[in-house]
Amino acid sequence: MLKREQPESIEAYSAALRERLAGVLPPDKVEEVVAETECHLEERAQELRWQSDLFEKQAVTEFIPARKLVPGINRAWAA
């Protein structure tokens, strides 16, 4: 079994999330989900800046992997 590497930046995480949601949700909903996720990641990165020298990489590492986040998002947007 191949281990998938967790992205190390908000930009890379957002790209992975967009890729996994493409064709699953309408494009405007994909962008809505990505924008909200980016806000959460940016908030966490800012918290880490205040607490220590850890930055964006740590925030993304701690966040739910995109592959695990997508099924929940799909269920939430299902008809």
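Bear in mind the structure is a predicted one, so any value in this text is a computation, not a measurement.

## Examining the overall build of the protein
Next, step 1: Along its length, the protein carries four helices and zero strands.
Next, step 2: When the helices and strands of the protein are read in sequence order from the N terminus, they spell out α-α-α-α.
Next, step 3: Across the 79 residues that make up the protein, the buried fraction comes to 27%.
Next, step 4: When contacts within the protein are restricted to residue pairs at least 6 apart in sequence, those whose partners lie at least 24 apart make up 60%.
Next, step 5: A total accessible area of about 5,600 Å² is found for the protein, and carbon and sulfur atoms account for 54% of it.

## So, the packing of aromatic side chains
Next, step 1: Under the counting rule described, the total for this entry stands at one aromatic pair.
Next, step 2: Between Y13 and F63, the aromatic rings sit 5.7 Å apart at their centres with planes inclined by 85°, giving edge-to-face as the arrangement. Taken together, the residues Y13 in helix 1 (residues 10-21) and F63 in the loop between helix 3 (56-62) and helix 4 (66-77) connect sequence positions 50 residues apart.

## What about helix 1?
Next, step 1: A rise of 1.5 Å per residue sets the reference length of helix 1, with its 12 residues, at 16 Å; its end C-alpha atoms lie 16 Å apart and thus fit the reference within 8%.
Next, step 2: Here helix 1 has its buried residues at I10, Y13, S14, L17 and L21. Projection of helix 1 onto a plane perpendicular to its axis shows the buried side chains occupying an angular sector of 100°, all on one side. Pointing more than 90 degrees away from the buried face of helix 1 are the exposed residues E11 and E19.
Next, step 3: Once helix 1 ends, the next one or two residues include G23, with phi positive near 85°.

## Quick word on the side chain of T37
Next, step 1: Mapped onto the elements, T37 comes out in helix 2 (residues 27-51).
Next, step 2: Setting aside residues up to four positions removed in sequence, T37 forms contacts with Y13, L17, F63 and L69.

## What to know about the pattern of salt bridges
Next, step 1: Per the counting criterion, the structure on display carries four salt bridges.
Next, step 2: With a closest N to O distance of 3.5 Å, K29 and E32 form a salt bridge. Of this pair, K29 and E32 both sit in helix 2, three residues apart, which is roughly one turn of that helix.
Next, step 3: Here E32 falls in the partly exposed class, since its relative accessible area comes to 40%.
Next, step 4: When the shortest N-O distance is used, the salt bridge between E47 and R44 registers 3.1 Å. Highlighted residues: E47 and R44, both in helix 2, separated by three residues, approximately one helical turn.
Next, step 5: Within this structure, R44, E47 and E62 form a network of salt bridges that share partners.

What counts, and at which threshold
- Residues numbered from 1 in each chain as written.
- Predicted model: local features only at pLDDT ≥ 70, side-chain atom pairs only at ≥ 80, totals over all residues.
- Heavy atoms only, no water.
- Helix = DSSP H or I, 4+ residues; strand = E, 2+ residues; numbered from the N terminus.
- Buried < 20%, exposed > 50% of the residue type's maximum accessible area, 1.4 Å probe, protein only.
- Contact = heavy atoms within 4.5 Å.
- Areas by Shrake-Rupley, 256 points an atom, 1.4 Å probe, with all protein chains shown as cover.
- Phe/Tyr/Trp six-rings, centres within 6.5 Å; stacked < 30°, edge-to-face > 60°.
- Expected span 1.5 Å × (residues − 1).
- Arc of directions from axis to C-beta.
- Salt bridge = Lys/Arg side-chain N within 4 Å of Asp/Glu carboxyl O.

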